[in-house]
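Spelled out from the first residue to the last, the chains are:
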Amino acid sequence: MTSTATARETPGRPARAQTVVAALTVDFGLDPDGKRVRPPRAKYECLLCQTREGPVHGDQDVTEFAASIRTDHPARCTARSSA
């Protein structure tokens with residue numbers, strides 16, 4: 001399943017459709033006042049191969065996961081390797 005989002009016109013740049021193929025979700029564990037109420041967590045969902053990675057928990061694990069998943073997952077994505 002993919003979704004197509006329509007971009008808005010920006011002066012000097014034509015609008016173009018973009019296909020969403022993955023979602024990185026990060027929950028910082030903050031309440032509306034900005035107070036930490038739980039450890040941060042993150043997960044990644046690939047819409048091409050229907051794989052979910054994570055969730056990971058804790059400051060360091062979430063930071064490392066978010067920094068690397070966009071390059072790490074495509075290297076092992078079964079839908080991309082078979083295309």
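Parameters at a glance
Residues numbered from 1 in each chain as written. Predicted model: local features only at pLDDT ≥ 70, side-chain atom pairs only at ≥ 80, totals over all residues. Heavy atoms only, no water. Helix = DSSP H or I, 4+ residues; strand = E, 2+ residues; numbered from the N terminus. Buried < 20%, exposed > 50% of the residue type's maximum accessible area, 1.4 Å probe, protein only. Contact = heavy atoms within 4.5 Å. pLDDT = per-residue confidence, 0-100. Salt bridge = Lys/Arg side-chain N within 4 Å of Asp/Glu carboxyl O.

Asker: Is there a simple way to think about the side chain of Glu53 in this case?
Answerer: When you line up the elements, Glu53 lands in strand β5 (residues 51-57). You can call Glu53 buried: its relative accessible area is 14%. Setting aside its immediate chain neighbours within four residues, Glu53 contacts Lys43, Tyr44, Phe65, Ile69, His73 and Arg76.

Asker: So what exactly am I meant to see when it comes to the confidence of the model for the chain here?
Answerer: Close inspection of predicted coordinates is inappropriate for parts of the model with low pLDDT. Chain-level pLDDT for the chain is 87 on average; 84% of the residues reach the 70-or-more range. Here strand β1 (residues 3-6) is the element of the chain with the lowest mean pLDDT, 55, and strand β4 (residues 41-46) is the one with the highest, 97.

Asker: Before we go on, may I ask you to explain the pattern of salt bridges in this structure?
Answerer: Opposite charge on two side chains allows them to pair when their charged atoms are near. Scanning all chains against the criterion turns up six salt bridges. For Arg36, the salt bridge goes to Asp59, with nearest N and O atoms at 3.3 Å. Of this pair, Arg36 sits in the loop between β3 (22-27) and β4 while Asp59 sits in helix α1 (residues 59-76), placing them 23 residues apart in sequence. Judged by relative accessible area, which is 47%, Asp59 ranks as partly exposed. The partner of Glu45 in a salt bridge is Arg52, with the nearest N and O atoms 2.9 Å apart. Under the relative-accessibility criterion, Arg52 is labelled exposed at 62%. One continuous salt-bridge network, built from bridges that share partners, spans Asp27, Arg38 and Arg41.

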